[in-house]
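For reference, the chains in residue letters:
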Amino acid sequence: MIPAAFDYAAPATVEEALALLAEHGDDAKIIAGGQSLLPVLRLRLNAPEFVIDLGKIDRLRGVREDGDALVIGAMTTHSAVANDPLVAQHAALISKAVATVADAQVRNRGTFGGALAHADPAGDVGAPALALGAEFVIAGQGGATRTVDAADFFVDLFETAIGEDELLTEIRVPKHTGWGAHYEKFVRIAQQWSIVAVAAAVKAEGGTISEARVALTNMGSTPLRATAVEQALQGKPATEDAIREAVGAVADGTNPPTDLNGDADYRKHLAQVLTRRAVLTAAGG
Amino acid sequence: MTVTDDRPAAEIGKDRRRKEDRRLITGSSRYTDNIVLPGMLHLAMVRSPFAHAKITAIDTSEAKQASNVVAVYTAADLDESAGVLINAWPITPDQKAPVHAPLPADRVSFAGEIVAVVVARSAAAARDAAEMVDVDYDELPAALDLKDAVADKVLAHPDLGTNKSALWIFDSKEAGTGGDVEEAISAARSDGVVIEREFRQNRLIPAFMEPRSVVVDPTGEQLTMWSATQVPHIVRFALAATTGVPESKIRVIAPDVGGGFGGKLQVTPEEWLAWWIARQLHKPVKFTETRSESMMAAHHGRDQWQKLTLAATKEGKVTGLKVELTADLGSYVAIVGGGVPVLGAFMYNAIYKIPAYHFACQTVLTNKTWTDAYRGAGRPEATFAIERLMSDLADELGMDPFELREKNWIKHEEFPFTTVAGLEYDSGNYEAATASAKEFFGYDELRAEQARRRDSRDPVQLGIGISTFTEMCGLAPSRVLGSLDYGAGGWEHASVRMLATGKVEVVTGTSAHGQGHETAFSQIIADRLGVPFEDVEVLHGDTQVSVKGLDTYGSRSLVVGGEALVRAADKVVEKAKPVAAHLLEASVDDIEFSAGRFGVKGTDAGLSIQEVAGAVFSAHNLPDGMEPSIDAEATFDPINFNYPHGTHLCAVEVDTETGQIKMRKYTCVDDVGNIINPLIVEGQVHGGLAQGIAQALFEDAVFDERGTLVSGSFVDYLVPSAADLISFDAHHASTPATTNTLGTKGVGEAGTIASTPAVVNAVLDAVRQFGVKDIVMPCSPARVYAAIAAGRAVDTGSASEGADQ
Ligand SMILES: Cc1cc2nc3c(=O)[nH]c(=O)nc-3n(C[C@H](O)[C@H](O)[C@H](O)COP(=O)(O)OP(=O)(O)OC[C@H]3O[C@@H](n4cnc5c(N)ncnc54)[C@H](O)[C@@H]3O)c2cc1C
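Worth saying up front: this structure is predicted, and the values here are computed from it rather than measured.

1. Let's talk about the packing of aromatic side chains
Residue and element names in this part refer to chain B. Inspection of the entire model under this criterion finds 19 aromatic pairs over all chains. The interplanar angle of 70° and the centroid separation of 5.9 Å between the aromatic rings of tryptophan 168 and phenylalanine 359 together place this pair among those described as edge-to-face. Within this pair, whereas tryptophan 168 is found in strand E7 (residues 164–171), its partner phenylalanine 359 is found in strand E15 (residues 357–365), the two being separated by 191 residues in sequence. In terms of burial, tryptophan 168 and phenylalanine 359 fall into one category: buried. The interplanar angle of 75° and the centroid separation of 5.8 Å between the aromatic rings of tyrosine 666 and phenylalanine 728 together place this pair among those described as edge-to-face. With tyrosine 666 in strand E27 (residues 661–671) and phenylalanine 728 in the loop between helix H19 (678–697) and strand E28 (729–733), this residue pair connects regions lying 62 residues apart in the sequence. Take phenylalanine 728: its relative accessible area is 11%, and that puts it in the buried class. Every member of this aromatic cluster is reached through a ring pair, and the members are Trp168, Phe170, Phe346, Tyr348, Tyr357 and Phe359. Over the aromatic face of tryptophan 305 sits the side chain of lysine 147, whose NZ or CZ is 4.1 Å from the ring centroid.

Structure below.
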């Protein structure tokens, strides 16, 4: 379908982009890879009058190290993230999750920051970012920059801490070097958003889990960190039975959706099975 | 004259790459939407968001004033020349069918129905203005659920007084083809087995790759319509019959068409509106639908409830089958919508010798998207039912499912065989296909693995599903169609034109939309006339070129259209013979034709057919009184249907903790008679399997309680891609058909018809051990898991036990 007409600009700097945002206010929309925004425009679910393309802002692209953190530019494409050696080394959970996003075409256009800003609860990048305790760097008007914790970033369905006149510029991920990681995504066909998925990173020594990070995709209106499960796993042997017991309550307090792929109870059941599998695989089992 | 003896190698049976693919995959093809005409205007449709509503007012004033808008039409503007959409197959004389106008006068009857059309100078302007059309609706209660609808709880079309459209019955006792089914059932109840089931045929969306598109050019003497259709000839006839334009003034062209699967054998409101508007404005117009429009407004397929009763002896001899169908027509009776379940009526008995049979089908109107043919049309439903029943019966009797089938099927020495449904199967060999399939599949090893997994209570269980299908295709003997009250015949037409340069132009009345006719038909002609494959040009899909034809559906193109082609080619040879005799100064009786060459018996003298064609073109030296043409045409009306069959075996792994299904192996041995092009046949089988598997596991058109299509995009309507399927293990057995010269059988629908029950039988075979008897299609992980959990709960008397505990 054909979107409603809109004006378009592709600024070369974050400052110019922010100025355009300030100028056009409510009528403006940022476009990153367009993989979520364009379908919305084509279906005429939204009709912004002004579209600001971040594609020309080079400094928003790429992955670099900064001490104990890995810094991923918001405009880094899914495929660049999935294939990045630094990410594989220090945040393997992110490489693995991003590799399950859609298909190669979408991964070549869609961006890490765009997906996080879009905050689709069935999207695959939120849970790993949350599990690893990522920080979100947001640029605002007048040169202001603030950093938001993952726990505060995801507000609700398609809603984040990014303000209307702000931009997500980079994502800082604490290094989890040497951790085992697995993203267990449950779908019916290959090219599908997660029905449920579980992101798990595990530090295991001598067959014992010393630390675990677990987050859930599509078990509520935002990605969910399974803190209780993380604690229960700590110090447990990396065996199927021990893990089964530790993750038993993973779905407690979640509020997953009901749709054509299954109801909330089924999703809660899946969360248990998938968490066990994700942790076991991450622990090298 | 040169006498060569390098006979061309046989073309039939060769893995020719498809001629048409170069243009199709390099973007040098011409789809309807690629057509641009001077001054062309664009249409956008305003569609109802309600399933059933009274239209109380339409305000088009704002849209009419929008920039670049030329006109906005509503039902009030239409006159008789807008025509109506036809139902060509009233299955009973008293069938109830609402009038289907291109725009409904004052009441919409499904969500997606067009209520207004905007005409503008660009597609974008038309779309923008469509948003400005303001329609007031009074929502009415909608008839949505099929079972509620048949009870007339809410009427889809209140003025008809009922939702029941037609009740069509076949009874073997009445027809004299078998016994009384009630007697068989009551005998089995007292001393035998009765299997009673109710199966749901999920509603499917054809999901062809190219959305529907139409361009109409009203300038010139003939009005031309380009349409992404499977049926240009039928569209032409229907336009003439309903819009008052003489048939001779109508040219319909189906250029390259990107798939159809039955979904494009319709005559559509979009086509009729484009036709009428172009004539009103005397300007060319174009309409191309969006994917969303395609999914909600192009016809859907299947959507039935099947109530089944199978009677058998304790030894496993089937004694009777009773079928009671309820079929959802949607809101209008589409061109052959009512006939689809009737096509299935002849196939429930399948390959089995069933002594008594009763079939009744009630077609029902609802406030949902109309339904009509979708790959297989009636036969997949029938095959699903009988193949599920046979596996259930085997399970009930504790018999091997093959042994049970073999006990009941028609033995190869019993052909030709007249079935309880009154059809005569000409040929087949179920033993051979089955034996070969079991071997390729590794049946015994997989059964052994299944037993091991069961014994060790592996969370991943293995299931093996069987489908020994047959189908009737090659639509269709005209007399049979007449006896079924179908509005047309089932013949096909072909002509062969020998050009001066020795090239051959072949014209077929079939209308390929992805099948590869240009290649397969070239191979047939190359062999038949002994000319190079490259020298044959196959023309189709334009009523000005292909002047006669009945188009492509029902696996008919090769077995009916191909036979017409063979007969036309043979006439060319017969016409050329006297010319060759004359030029070779021999008697016609001494002329032999072989591998493209007319020779004189017992001599080396000879002429190629191209040389004869050249001589006929110049016409300098022809036999006295002979017409200077060896071109020929033929119209072939089949005397029987065509009966491909095969054995399909599917192994699936079922993750009992999640309900996830993973296909392990899919082997099929199809008997499609003699094969013209194995590569094309393989393609048809693979694509067909994908679609049949999709019905079993993935696809489902779901409406919410207000009649909105929930699975209205590919986010929710799950069409599998290569990533979701395994590499199929497809083989062939061959028992040539006896009803056409080449001994071919249809293959276009076989894979779809056969595979659905094979997959569901496999899933059930894995989980029957937990007390599961049925899983509604599509067998989603959620449904499979719920069935396992429910079965286990019954088994242990506890409702709480799930796989994870
Ligand atoms: C066919 C298909 C399948 C898909 N399957 C999956 C899947 O399996 N899993 C999955 O996770 N995702 C999936 N996606 C979505 C994909 O990951 C998208 O890339 C992602 O959701 C959006 O990223 P984008 O760069 O394309 O953002 P855009 O579509 O350009 O933007 C998305 C939203 O974020 C806002 N935005 C973008 N960048 C910024 C920024 N820097 N600051 C502030 N706001 C910003 C935009 O204004 C817009 O509202 C799929 C998409 C498609 C088309």
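After that view of the structure, there is still more to cover.
2. A look at the pairing of strand E11 (residues 180–186) of chain A
Residue and element names in this part refer to chain A. Among the seven residues that make up E11, six are buried, leaving the element largely enclosed by the rest of the structure. As paired strands, E11 and strand E12 (residues 196–205) are joined by seven bridges and run antiparallel to one another. Across the sheet, lysine 185 pairs through a bridge with alanine 197, a residue of E12.

3. Topic: the domain arrangement of chain A
Residues and elements named next belong to chain A. You can read the domains of chain A as domain 1 (7–51), domain 2 (61–174) and domain 3 (180–282). Measuring from the centre of the C-alpha atoms in domain 2 to the corresponding centre in domain 3 gives 20 Å. The interface is formed by 23 residues belonging to domain 2 together with 23 residues belonging to domain 3. Summed over both sides, the interface of domain 2 with domain 3 buries roughly 1800 Å², with 64% coming from carbon and sulfur. Our count for the domain 2 to domain 3 interface comes out at one salt bridge. A salt bridge links lysine 185 to aspartate 124; the nearest nitrogen and oxygen atoms lie 2.7 Å apart. Where domain 2 meets domain 3, there are eleven residue pairs in polar contact (both at pLDDT 80 or more).

4. Some words on the sheet that holds E28(B)
Residue and element names in this part refer to chain B. If you walk across this open sheet you meet the four strands as E18-E26-E27-E28, and the pairing is mixed. Of all strands in the sheet, those with a lone pairing partner are strand E18 (460–470) and E28, marking the two edges. Averaged over neighbouring strand pairs, the angle between their axes works out to 15° when direction is ignored. Alignment of E27 against E28, held across five bridges, turns out to be parallel. By the bridge assignment for E28, cysteine 668 is matched with alanine 730.

5. Notes on the domain arrangement of chain B
All names here are of chain B. Splitting chain B by domain gives domain 1 (21–28 + 491–636) and domain 2 (426–474 + 641–805). Just the C-alpha atoms count here: the centres of domain 1 and domain 2 sit 42 Å apart. Taken together, the contact pairs 16 residues of domain 1 with 18 residues of domain 2. The junction of domain 1 with domain 2 conceals about 1200 Å² of combined surface from both sides, 60% of it contributed by carbon and sulfur atoms.

6. What about the site of the ligand?
Residue and element names in this part refer to chain A. Around the ligand sit 29 residues in total, of which Ile30, Gly34, Ser36, Thr111 and Asp124 are the nearest. Serine 36 places a side-chain nitrogen or oxygen 2.6 Å from an oxygen atom of the ligand. Glutamine 192 places a main-chain nitrogen or oxygen 3.2 Å from an oxygen atom of the ligand. Taking 970 Å² as the accessible area of the ligand by itself, protein coverage stands at 91%. Of the residues forming the shell around the ligand, the biggest block, four residues, is contributed by helix H7 (residues 112–118). Tallied by class, the residues present in the shell around the ligand amount to 14 nonpolar, twelve polar and three charged.

Cut-offs used in this document
Residues numbered from 1 in each chain as written. Chains lettered and ligands numbered in written order. Predicted model: local features only at pLDDT ≥ 70, side-chain atom pairs only at ≥ 80, totals over all residues. Heavy atoms only, no water. Phe/Tyr/Trp six-rings, centres within 6.5 Å; stacked < 30°, edge-to-face > 60°. Helix = DSSP H or I, 4+ residues; strand = E, 2+ residues; numbered from the N terminus. Buried < 20%, exposed > 50% of the residue type's maximum accessible area, 1.4 Å probe, protein only. Lys NZ or Arg CZ within 6 Å of the ring centre and 35° of its normal. Pairing = 2+ DSSP bridges. Domains from an automatic or database assignment. Contact = heavy atoms within 4.5 Å. Buried area = accessible area lost by both parts, 1.4 Å probe. Salt bridge = Lys/Arg side-chain N within 4 Å of Asp/Glu carboxyl O. Polar contact = N/O pair within 3.5 Å; in protein donor to acceptor, adjacent residues only side chain to side chain. Axes fitted to C-alpha atoms, helices over the stretch in contact; angles between N-to-C directions. Near = heavy atom within 4 Å. Areas by Shrake-Rupley, 256 points an atom, 1.4 Å probe, with all protein chains shown as cover. Nonpolar A, V, L, I, M, F, W, Y, C, P; charged D, E, K, R; others polar.

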